[in-house]
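These are the residues of each chain, in order.
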Amino acid sequence: MIGRVALLVLAHLQIMSPLYVLIIQKLVNSTLFFFSRYSLEDEPTNLDEMPLMMSEEGFENDESDYHTLPRARVNQRRRGLCWFLIGGWKILCGSCCDCLTRTCRRRKELKARTVWLGHPEKCEEKYPNNGFKNQKYNFFTFVPGVLYQQFKFFLNLYFLVVACSQFLPALKIGYLYTYWAPLGFVLAVTMVREAVDEVRRYQRDKEMNSQLYSKLTVRGKVQVTSSDIQVGDLIIVEKNQRIPADMIFLRTSEKAGSCFIRTDQLDGETDWKLKVAVVCTQRLPALGDLFSINAYVYAQKPQLDIHSFEGNFTREDSDPQIHESLNIENTLWASTVVASGTVIGVVIYTGKETRSVLNTSSPKNKVGLLDLELNRLTKALFLAQVVLAVVMVALQGFVGPWFRNLFRFIVLFSYIIPISLRVNLDMGKSAYGWMIMKDENIPGTVVRTSTIPEELGRLVYLLTDKTGTLTQNEMIFKRLHLGTVSYGTDTMDEIQSHILQSYAQVSDPPPPPTTAPKAAAPKVRKSVSSRIHEAVKAIALCHNVTPVYESRGVNGETESAAAEADQDFSDDNRTYQASSPDEVALVQWTESVGLTLVNRDLTSLQLKTPAGQILTYYILQIFPFTSESKRMGIIIREETSGEITFYMKGADVAMASIVQYNDWLEEECGNMAREGLRTLVVAKKSLSEEQYTDFENRYNQAKLSIHDRAMKVSAVVESLERELELLCLTGVEDQLQADVRPTLELLRNAGIKIWMLTGDKLETATCIAKSSHLVSRSQDIHVFRPQVSNRGEAHLELNAFRRKHDCALVISGDSLEVCLRYYEHEFVELACQCPAVVCCRCSPTQKAQIVHLLKQHTDNRTCAIGDGGNDVSMIQAADCGIGIEGKEGKQASLAADFSITQFKHIGRLLMVHGRNSYKRSAALGQFVMHRGMIISTMQAVFSSIFYFASVPLYQGFLMVGYSTIYTMFPVFSLVLDQDVKPEMALLYPELYKDLTKGRSLSFKTFLIWVLISIYQGGILMYGALLLFESEFVHVVAISFTALILTELLMVALNIRTWHWLMVLAEFLSLGCYVASLAFLNEYFGIGRVSFGAFLDLAFITTPAFLWKVTAMTVISCLPLYIIKYLKRKFSPPSYSKLSS
């Protein structure tokens, strides 16, 4: 029926513009979708009823069920008109609005592009500006934006409405300043804080956008700011300068035609990456010749993946045309830093389309769980306030202008929700932040977001990075295994003597071990010395490491000094750079045993023997490591003999099927993995000249193909990877950060579930999970098959995982993506039951996505901790983000809510400061509400006695003073209270589990405070009326004095550990009140001053006044003290048992 009506409407709207018709069609489709989804009962399917336990055979046979499994399990219940009225209309309206927004503001589609060198004007379409903007507001949106952020909370909106009501004479109760002064103070503090943050963000953006770069034009070099760079510009970037946009590497000042870049702020890896210039442009005689050629770059559309790129370089003005394939080695991504030489590149992506921006989520305003809980409680208080006002009007009999009286009563009881609640909590949060930064046990800790310290005490999930967070990213070579013999750190001198002996026999011809036999039949058993020589030589050659010689000269003599250093190959100032710290550790080890890598460029590398002889090897091909292949290879030709050898090393899972049959590899890999070592299998294969020539032709042809290039290239390389000779197995240890193991143990005992999210390889991540005791040695590990690519495979893997109990999960980013596409709810449900989860090969965006999933599916608080630029998205997405300031720079530290210097500090940060912040804020918030409820109860009693008149009990300054100078200091001193000593909280982390249940601030504790407020307010007001019936004119002074004394005693009742500042606050407040009695006597009369009732100073000094006020105070407080004593004696909380 709805569809027919909608179509009829559309038929009459043909005269409207196509855009309106399109919008209406979208809205109709959205409406039809929701009514069909929620009005009808979902059709049950076999797979829906038992989604993950179907057998493999049944799964393959039931194709209909295969296609009908929903993304997430939904409750199979009937949803109709009742659902629509209760809340479905909100979802329906939201869907329609989203649809309308998407239609009117379509995001620009990202496309592949052709970029002409040095000619931005030839671009086919307009590309984004290259400016960085991290500001949340601009000049016009600042005030509206800040006000919206404040008044979207019920608490602040309520105060605004009450304050505005005082402009109406009919509703005016007291003085305007009693309502507007506190509200104005809160808004002023908030605006100043936001303005300071916004100015800092603006200054950081301006500094980034105004960085100057040299732009190459036909007229020569011109200076251009980072924000003015366009797609197609030729940009020159000097050493140690940030790359401003994504570029293709065209030329470099380095003779080798390559340079190093630092990528720590992009992918979190501290090692330098080797980048290679386009051969055609590198060979040009002069820099200006870039404008004399007619060339362009074809680049794929902008993507999230920072580890891959496909493109082509074409020069049209040569005969024949020059075509070069481009890959990740030819790219210079934005936010990386040039580490060697000067580079020239052509810009292909700018601004929002750069890899670094695509992988960064926009920061959001974080709101703590405690603030949300208090917001709910204030709504309950408002409801109680309205009910109380209605009761008062009803008891009046709804006579006269009852509607006006109703609003006057609502304003009269407005102190039931005190505005000082927000002020006290904000000041308390600032105090907690100050205490955290002043803690000597966690030096260097910085609180960057002062609004959520209580979140540290409510965490259930901790998502941590690996490299630089759990580990130091410093590799040490530990083990070499040759099959029959194994060498450890204590027997490395034996290897050194074997190498010395092998190369001592070297004359003009190559040594016998290097004359590799044909791969077909190596039947002769080699000596141990020969096998060690071949293994060490293979490790020294098969890598992507480059030795770098730092110059000792100054004042611009860098290049000449570096050249001299290259010539004499001095050991003193040589450092190694590579994309993987494992490779650096291996090359450093070969140097320690006598075979040193002294020089490397794009075409050759040189080794120095123990005797000082230089051996030169020509690099014919390099096959870099990828997450799919899990191995890297190199084909080299020895200069003296001309022999061609193919060396390969990689993970055992990838190499086991490539090497010749053996009976020891699998077992030894398992042994090393149990020790927490990262293993690499090294193998080789000798090639004839004909074999290599044939391979080279096929390989070059595959590299130039545009479609399925990666697949074709890998197929050609795999033709070589057959029956390789197994040389050795290496074991490298990644050193853990200080006290990582006890810290992880502490967090686990506290009930926090730890997930490790890393961009590293699966094998490496598993090793670190074991060595850090994230996964205990006795615990089973379920490794999710890395090659899961479709729904069927994901279904079978999840079935296999579901059958296992109490086992850790290890999953790769690709498999995770497939699981979340089809079985999001099921996967998260299973993963949350695991004691530990390891996600490897995760992109920055995937890390943030995992955080969002946990928040969405579990409703628990999450914390993310990392130290690199690739962790920023995860840190910003979590409820609480912690950054470690380490080797990988300050980007994570600056983006986080809390910054620490070492991972071990997180234990004290959560167990001690998290606990104290939550407990103190819960006590402070409830006490401030109690302070408002007790005075509102007294107002209600006063009004009911005086014929339900809407007359305020306390005037002007008394109301302001009550929540400020009379009680503020004792109440605020609750931020110094602590229930457990820090040492006890760290010794018994199990105490933390109670905090996550939220028992310190709940509807139960809130109801107890409501009952206490009603009891005390009633006692004080009725007591004043009964005991001072003859001195009734002094009821304000009597009741207010008893009220102040009661509040001071109640603060003392709630304190668990006394501090000298608490005692001082109590006596200071009492002194302020006594002193004010003499100066504010006109406020202590009934009603307004015009009634003529003034305070009699002689009256308050009489014994009768003193003992009666004391009696009222004792009656209101003594029962509560008795109840507290009995509760601590017969039902003490867990922490009090430990304290005693």
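Model, not experiment: these values are computed from the prediction. (Residues numbered from 1 in each chain as written. Predicted model: local features only at pLDDT ≥ 70, side-chain atom pairs only at ≥ 80, totals over all residues. Heavy atoms only, no water.)

1. Things to note about the pairing of strand E30 (residues 836-840)
E30 sits mainly inside the fold: 5 of its 5 residues count as buried. Side-chain alternation along E30 places Ala-836, Val-838 and Cys-840 on one buried face and Val-837 and Cys-839 on a second face that is also buried. Note that strand E27 (residues 753-757) and E30 share 4 bridges and pair parallel. Residue pairing for E30: Leu-757 is matched across the bridge by Cys-839. With 4 bridges connecting them, strand E29 (residues 807-812) and E30 associate as parallel partners. For Val-810, the partnering residue across the bridge sits in E30 and is Val-838. (Buried < 20%, exposed > 50% of the residue type's maximum accessible area, 1.4 Å probe, protein only. Helix = DSSP H or I, 4+ residues; strand = E, 2+ residues; numbered from the N terminus. Pairing = 2+ DSSP bridges.)

2. Examining the sheet that holds strand E12 (residues 337-338)
Each strand in a sheet pairs with its neighbour through backbone hydrogen bonds, running either in the same direction (parallel) or in the opposite one (antiparallel). Strand order in this open sheet of 3 strands is E7-E6-E12, and the pairing throughout is antiparallel. Pairing within the sheet leaves two strands with one partner each, and these edge strands are strand E7 (272-276) and E12. Strand direction decides the pairing type here: strand E6 (residues 258-262) and E7, joined by 5 bridges, are antiparallel. Along E7, the bridge assignment pairs Ser-258 with Val-276.

3. Describing the packing of aromatic side chains
The full count for this structure, using the stated rule, is 23 aromatic pairs. When the ring of Trp-116 is compared with that of Tyr-296, the centres are 4.9 Å apart and the planes differ by 55°; the resulting orientation is tilted. Residue Trp-116 is found in strand E1 (residues 113-116), and its partner Tyr-296 is found in strand E8 (residues 295-299); the two are separated by 180 residues along the sequence. Looking at Lys-122, its charged tip hangs above the ring of Trp-116, at a distance of 4.5 Å from the centre. The aromatic ring of Tyr-823 is capped on one face by Arg-791, whose charged end is 5.9 Å from the ring centroid. (Phe/Tyr/Trp six-rings, centres within 6.5 Å; stacked < 30°, edge-to-face > 60°. Lys NZ or Arg CZ within 6 Å of the ring centre and 35° of its normal.)

4. Quick word on the UniProt feature "active site" (unreviewed entry) in the protein
As recorded in UniProt, the sites labelled "active site" (unreviewed entry) are Asp-465. Following the sequence through the fold, Asp-465 ends up in the loop between strand E15 (459-464) and strand E16 (471-481). With a relative accessible area of 3%, Asp-465 lands in the buried category. Among all residues touching Asp-465, those that are not within four sequence positions of it are Leu-470, Leu-757, Thr-758, Lys-847, Ile-865, Gly-866, Asp-867, Asp-871 and Met-874. A polar atom in the side chain of Asp-465 sits 3.4 Å from the side chain of Lys-847. (UniProt positions renumbered as here; feature names shortened; annotations may be inferred. Contact = heavy atoms within 4.5 Å. Polar contact = N/O pair within 3.5 Å; in protein donor to acceptor, adjacent residues only side chain to side chain.)

5. Some thoughts on the side chain of Ser-899
Note on placement: Ser-899 falls in strand E33 (residues 898-900). By relative accessible area, Ser-899 is classed as buried at 1%. Separated by 2.7 Å, the side chains of Ser-899 and Ser-893 make a polar contact. Leaving out residues up to four positions away in the same chain, Ser-899 has contacts with Gly-444, Thr-445, Val-446, Arg-448, Gly-883, Glu-885 and Ser-893.

6. Quick word on the nonpolar core
Membership of the largest hydrophobic core comes to 94 residues, with the highest contact counts inside it found for Ile-882, Phe-898, Ile-906 and Leu-910. By residue number, the principal contributor to this core is helix H32 (residues 905-945), which donates 12 residues. In this structure, Ile-906 is in contact with Leu-462, Thr-743, Leu-747, Ile-865, Ile-882 and Ile-900, ignoring residues within four places of it in sequence. Within the second largest apolar cluster, 42 residues are counted, among which are Tyr-503, Ile-634, Ile-636 and Val-732. (Core = buried A, V, L, I, M, F, W, Y, C linked by side-chain atoms within 4.5 Å.)

7. Some remarks on the sheet that holds strand E2 (residues 212-217)
Strand order in the open sheet made by the 6 strands is E3-E2-E4-E13-E5-E11, with antiparallel pairing throughout. Both outer strands of the open sheet, strand E3 (220-225) and strand E11 (331-332), are each paired with one neighbouring strand and no more. Pairing of strand E5 (residues 246-252) with E11 involves 2 bridges; the strand directions are antiparallel. Across the sheet, residue Met-247 finds its bridge partner in E11, namely Leu-332.

8. Here's the deal with the side chain of Asp-879
Inspection of the secondary structure assignment puts Asp-879 in the loop between helix H30 (872-877) and strand E32 (880-884). In terms of polar contacts, Asp-879 uses its side chain to reach the backbone amide nitrogen of Thr-862, at 2.9 Å. For Asp-879, the residues in contact, after removing those within four places along its chain, are Lys-366, Ile-452, Glu-455, Lys-855, Asn-860, Arg-861, Thr-862 and Asp-897.

9. Let's talk about the pattern of salt bridges
Enumeration according to the criterion identifies 33 salt bridges in this entry. Among the salt bridges present, the one from Arg-574 reaches Glu-591, with a minimum N-O distance of 3.1 Å. Residue Arg-574 is located in strand E19 (residues 574-577), and its partner Glu-591 is located in helix H19 (residues 581-592); the two are separated by 17 residues in the primary sequence. Using a relative accessible area of 9% as the deciding quantity, one classes Arg-574 as buried. Judged by its relative accessible area of 26%, Glu-591 is partly exposed. Here Glu-689 ties to Arg-637 by a salt bridge, and the two come within 3.0 Å at their closest N and O atoms. Placement of the pair is Glu-689 in helix H22 (residues 689-703) and Arg-637 in strand E23 (residues 631-638), with a sequence separation of 52 residues. (Salt bridge = Lys/Arg side-chain N within 4 Å of Asp/Glu carboxyl O.)

10. Comments concerning helix H21 (residues 665-674)
Among all positions of H21, only Leu-665, Glu-668, Cys-669, Met-672 and Ala-673 are buried. The buried residues of H21 occupy an angular sector of 140° when the element is viewed end-on, so they sit on one face. Turned more than 90 degrees away from the buried face of H21 sit Glu-666, Glu-667 and Arg-674, all of them exposed. Against the buried residues of H21 lie E16, helix H20 (652-655), strand E25 (678-687), strand E26 (725-736) and helix H25 (762-771). Positive backbone phi, approximately 85°, marks Gly-676, located one or two places after H21. (Arc of directions from axis to C-beta.)

11. Some remarks on a nonpolar patch on the surface
A cluster of nonpolar residues, Leu-1049, Val-1114, Leu-1118, Tyr-1121, Ile-1122, Tyr-1125, Leu-1126 and Phe-1130, forms a patch on the protein surface that exposes about 780 Å² of accessible area. Among the elements that line the nonpolar patch, the one with the most residues is helix H41 (residues 1103-1130), at 7 residues. Looking at the element boundaries, Phe-1130 is found in helix H41. Overall, the relative accessible area of 64% leaves Phe-1130 in the exposed class. (Patch = residues over 30% accessible without salt bridge, like charges linked within 9 Å, V, L, I, M, F, W, Y side chains within 5 Å. Areas by Shrake-Rupley, 256 points an atom, 1.4 Å probe, with all protein chains shown as cover.)

12. So, the environment of Ile-442
Assignment of secondary structure puts Ile-442 in the loop between helix H15 (420-437) and strand E14 (446-447). Judged by its relative accessible area of 1%, Ile-442 is buried. Note: C-alpha distance between Ile-442 and Gly-907 (465 residues apart in sequence) is 9.8 Å. In this structure, Ile-442 is in contact with Ile-436, His-905, Arg-908, Leu-909 and His-913, ignoring residues within four places of it in sequence.

13. Observations concerning H32
Here H32 spans 59 Å end to end across 41 residues, near enough to the 60 Å set by a 1.5 Å rise per residue. Approximately 30° is the largest bend angle found in H32, and it occurs at His-913. With 38 of 41 residues buried, H32 lies mostly within the body of the structure. Following H32 by one or two positions, Tyr-947 adopts a phi angle in the positive range, close to 55°. (Expected span 1.5 Å × (residues − 1). Bend = angle between axes of the 7 residues up to and from the residue.)

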